[in-house]
Amino acid sequence: MTKNANTPRWTATHLPDLTGRTAVVTGANSGLGLATVDALARAGAHVVLAVRDPRRGEAALATLTGPRAALEVRRLDLADLASVRAFAAAWRGDLDLLINNAGIMNTPEATTKDGFEMQLGTNHLGHFALTNLLLPHITDRVVTVSSNAHKIPNSPRIHFENLNLTGEYKPVTAYSQSKLANLLFTLELQRRLDAAGSPVRALAAHPGWSATNLQGNTANPVLRGFGHVGNRFLAQDSTAGALPTLYAAVQDLPGASYVGPDGFGEWRGSPTLVGRSAAASDPDTARRLWTVSEELTGVTFPDRLLRQADRLDLLQSQPGV
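Cut-offs used in this document
- Residues numbered from 1 in each chain as written.
- Predicted model: local features only at pLDDT ≥ 70, side-chain atom pairs only at ≥ 80, totals over all residues.
- Heavy atoms only, no water.
- Core = buried A, V, L, I, M, F, W, Y, C linked by side-chain atoms within 4.5 Å.
- Buried < 20%, exposed > 50% of the residue type's maximum accessible area, 1.4 Å probe, protein only.
- Helix = DSSP H or I, 4+ residues; strand = E, 2+ residues; numbered from the N terminus.
- Contact = heavy atoms within 4.5 Å.
- 1 Å grid on protein atoms, 1.4 Å probe; cavity = no way out; pocket = protein on both sides within 12 Å on 5 of 7 lines; lining within 4 Å.
- Points joined across faces, edges and corners; volume = space filled by probe spheres on them.
- Salt bridge = Lys/Arg side-chain N within 4 Å of Asp/Glu carboxyl O.

Caption draft 1: View of the nonpolar core. Of all hydrophobic cores here, the largest spans 48 residues; its most connected members are Phe-87, Leu-134 and Leu-189. Looking at which element gives the most residues to this core, the answer is helix H5 (residues 171-195), with seven residues. Ignoring anything within four residues of it in the chain, the contact list for Leu-134 reads Phe-87, Ala-88, Trp-91, Leu-95 and Leu-98. Val-47, Val-51, Val-143 and Leu-243 belong to the second-largest nonpolar core, a separate cluster that totals 35 residues.

Caption draft 2: A look at the layout of surface pockets. Of the pockets and cavities examined, the second largest pocket occupies roughly 240 Å³. Looking at the second largest pocket, it is lined by 15 residues, and the ones nearest its centre are Leu-34, Ala-35, Asp-38, Ala-39 and Thr-239. Breaking the lining of the second largest pocket down by element, the ones donating at least two residues are helix H1 (31-42), helix H7 (238-241) and helix H8 (243-250). Of all the elements, H1 adds the most residues to the lining of the second largest pocket, at six residues.

Caption draft 3: Inspection of the pattern of salt bridges at higher detail. The full count for this structure, using the stated rule, is 13 salt bridges. With a shortest N-O distance of 2.5 Å, Asp-140 and Arg-21 are connected by a salt bridge. Here the residue Asp-140 occupies a position in strand E5 (residues 138-145), and Arg-21 occupies one in the segment before strand E1 (22-26), the gap between them amounting to 119 residues. Taking relative accessible area as the criterion, Asp-140 reaches 15% and is therefore assigned buried. Its salt-bridge partner being Arg-192, residue Glu-188 comes within 2.9 Å of it at the nearest N-O pair. Taken together, the residues span about one helical turn, with Glu-188 and Arg-192 both in helix H5 at a distance of four residues. Glu-188 gets classed as buried once you look at its relative accessible area, which sits at 2%.

See below:
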């Protein structure tokens with residue numbers, strides 16, 4: 001998508017009327033998530049804040065001002081598959097928009113309640129399970145927040161031989177792997193939706209460099225210090241950082257699109273379509289990751305959608321299905 005100097009900056013004021021639509025935003029009690037909630041609700045959407053700590057979610061709601069549609073808080077811990085299943089099992093009715101926003105970055109080595117490396121477990125596997133469990137309810141699209149950390153130097157990859165990075169854990173490596181997984185998940189999800197004849201679209205977005213609390217929670221003190229400096233002098237605020245996610249949520253874009261800022265280095269700017277690494281574009285790796293994710297989580301692509309596919313035999317004969 002080409003822009004010129006006369007193209008107006010896309011902002012949340014360009015959101016269409018979302019009255020009557022329902023959205024779920026994970027990690028919605030601060031930063032990008034809360035900014036996304038605020039914008040969607042101002043546009044008329046009923047927004048569910050899916051958060052690990054409902055008290056913090058309610059406190060976050062109290063900080064929002066001005067007219068908006070209904071908001072509610074529900075508990076969701078992406079690092080606990082039992083919590084993910086409970087959230088999905090309690091869902092009733094249609095869900096127009098799922099925003100997979102929650103994430104942790106460059107954290108000390110730890111595991112989820114199910115034994116997964118914490119960053120991969122939270123950023124990818126939790127969202128993988130949540131999306132597939134909610135997919136029978138989703139009517140419009142799934143937007144997953146990735147990061148350009150998926151293409152930092154040293155060729156980030158999926159460590160299939162050691163997904164938990166046991167014995168070789170590095171916070172940045174784990175984070176990059178999880179963000180690469182977000183894009184591969186989006187790619188394979190869209191392939192499956194297309195094969196099933198579903199109108200639902202899967203898209204991804206990244207916020208550029210957005211000043212949030214993620215930078216202050218990294219395990220490396222050098223990176224933490226750099227993050228604080230960057231937040232002050234280089235970053236855009238969370239309201240601007242949420243724009244690529246919102247753009248992906250409402251614009252008429254092809255499935256599997258990736259949206260980010262249009263400025264230098266994609267650090268800041270107006271939302272636009274952006275590129276991804278070759279590793280994030282590999283359909284074979286995407287299918288392999290999907291298979292592994294199903295095995296680890298015990299959650300699969302919904303049978304109802306598979307039965308709708310005119311090309312079911314083709315789907316079943318392909319790797320990763």
